[in-house]
Amino acid sequence: MKKYICDVCGWIYDPETGDPDSGIAPGTAFEDIPDDWECPECGVGKDDFSVIED
Amino acid sequence: MNITLKEGIDWVGYIDWTVRDFHGYKTESGSTYNSYLIRDEKNAVIDAVKAPYVHKLVEHIEALTPLESIDYVVCNHAEPDHSGGLPGLMKACPNATLVCNEKCKVALEKHYDTSAWKWQVVEDGDTLSLGKRTLQFINTPMVHWPESMFSYVPEEKLLFSMDAFGQHYASAFRFDDEEPLDVILHEAKAYYANIVMLYGRPISQTMERAAELEIEMIAPSHGVIWRSHLKEVFAAYQKYVVCKPRPKVIVLYASMWKATEKMAEAILEGAQECGVEAQFFNVDSTHATRIVTEVLDCAAIAIGSPTLNNSLMPAMAGVLCYMSGLRPTNKAGFAFGSYGWSKRGGAAAVEEAMKEMKIDILRESIRSQYVPTEEILEECREAGRMLGKYAEQFAKD
Ligand SMILES: [Fe+2]
Ligand SMILES: [Fe+2]
Ligand SMILES: [Fe+2]
């Protein structure tokens, strides 16, 4: 599972930790996050995230 | 007025003594929009001012160097309090190239007619030589907008920090050691709480990067320039980024016929009995600007509203909307309020808003049908004592 970075604010989605505050359980792949989810830092949608290639 | 930061580097901005409303922030002390001029083999202006005052900026530059001699205009932040003057400045300086990052360019193009501008787009870490001195650019997303960046002059150990470390504070002086320290630190705190409290995480990341630089002077885009008290403002920011609580209780309320006010007074009495610092704000008499400034470092908060039209008081709703957007952390408390017949309103709506803000709810809300009885007032006092003890303990941990 890959990490994703918010292009607007730089917040990083790590699938290992998820985003529990918004109901995204640890272990959730970015692709499986619902489409109405928003960046917890700046409020943009999934479209504004880019995959981090390792 | 001394405007010289370093030899050949001067303040050329505008002191806005009369502004009292900065997009909702009640700027009781006015503000300044700081622009700076660096004269070297190449001349650069760092940031502009609000649009109506660009003629003053141009005047200040012209007093020091011909407008034709300006080679670069650096834009650290696209918000109109700093970029509004750019169209006028770029017109006045025919040989100037606008220097900014890609996100900033996109934002400026969505604000202004930039068709005649020459651009130089810079990336994080890029440098621009001015001759004896260099400008180094550091992206600082969300401090305060996505495109925000710092400009650093290593030869002078000087950081142009844009909104970070700023204060909405108009003054006849440009430097931190020319003003009482407690006053400017308070203004820096108010600025942090009202403008960037929600971006504690990116700000602490930015501070970590700044700590790697040698810095003798911080020139923000609002208020005084830090040259003698950098340590103090850095230490303050370190606390702000985590909303570090002091042993302090806030009782915040709205009232219609003084029933909720009586409850608020009883909660205050209880907290005061603990010997803890307790503050008391009615949303009708205290502006949201002051309220969130105080919320930043409180440990515990009781919030009350009576029931109006089956909901809470609109003035309280406005304050809670503002506060929740600013995302204070590390707070706990409870809700209270009076009602007539509908238990759905007042206290319930406040508690809902507090949960949404992730304020830890310490007890069930206290509700009074119409005027509070002595029994309810004693419950309020007891809850106030509990809040006071909690604040003392929590701030210690
Ligand atoms: Fe984001
Ligand atoms: Fe800003
Ligand atoms: Fe600003």
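Shown above is the structure to which this text applies.
What comes next concerns the included structure. Keep in mind it's a predicted model, so treat the numbers as computed, not measured. (Residues numbered from 1 in each chain as written. Chains lettered and ligands numbered in written order. Predicted model: local features only at pLDDT ≥ 70, side-chain atom pairs only at ≥ 80, totals over all residues. Heavy atoms only, no water.)

1. Quick word on a nonpolar patch on the surface
- Taken together, the side chains of B:W341, B:Y370 and B:V371 define a hydrophobic patch exposed on the protein surface, amounting to about 420 Å² of accessible area.
- Checked against the element boundaries, B:V371 lands in the loop between β22 (366-369) and α12 (374-396). (Patch = residues over 30% accessible without salt bridge, like charges linked within 9 Å, V, L, I, M, F, W, Y side chains within 5 Å. Areas by Shrake-Rupley, 256 points an atom, 1.4 Å probe, with all protein chains shown as cover. Salt bridge = Lys/Arg side-chain N within 4 Å of Asp/Glu carboxyl O. Helix = DSSP H or I, 4+ residues; strand = E, 2+ residues; numbered from the N terminus.)

2. Things to note about the pairing of strand β13 (residues 134-139) of chain B
Residue and element names in this part refer to chain B.
- Bridge count between strand β12 (residues 127-129) and β13: three bridges; the pairing is antiparallel. Paired with S129 across the strands is T134, a residue of β13.
- Between the end of β12 and the start of β13, which pair antiparallel, lie four residues, with G131 showing a positive phi angle near 130°.
- Summarising the sheet, β13 and strand β14 (residues 149-153) pair through four bridges and their orientation is antiparallel. Bridge pairing in β14 links I138 to F150. (Pairing = 2+ DSSP bridges.)

3. Some thoughts on the sheet that holds β13(B)
Residue and element names in this part refer to chain B.
- In space, the five strands of this open sheet follow the order β12-β13-β14-β15-β16, with mixed pairing throughout. Edge positions in the sheet fall to β12 and β16 (217-220), since each of these pairs with one other strand and no more. Here the strands of the sheet are splayed against their neighbours by 20° on average, with no regard to which way each runs.
- Note: strand β15 (residues 158-162) against β16, four bridges, orientation parallel. Bridge pairing links M162 to P220 in β16. (Axes fitted to C-alpha atoms, helices over the stretch in contact; angles between N-to-C directions.)

4. Structural notes on unusual backbone geometry
Residues and elements named next belong to chain B.
- Although it is not a glycine, D47 adopts a positive phi angle of roughly 60°.
- Within the secondary structure layout, D47 lies in the loop between β8 (43-46) and α1 (54-62).
- A positive phi is found at M142, a non-glycine position, where the angle reads about 70°.
- Inspection of the secondary structure puts M142 in the loop between β13 and β14.
- Residue classification places M142 among the buried residues on the basis of a relative accessible area of 3%. (Buried < 20%, exposed > 50% of the residue type's maximum accessible area, 1.4 Å probe, protein only.)

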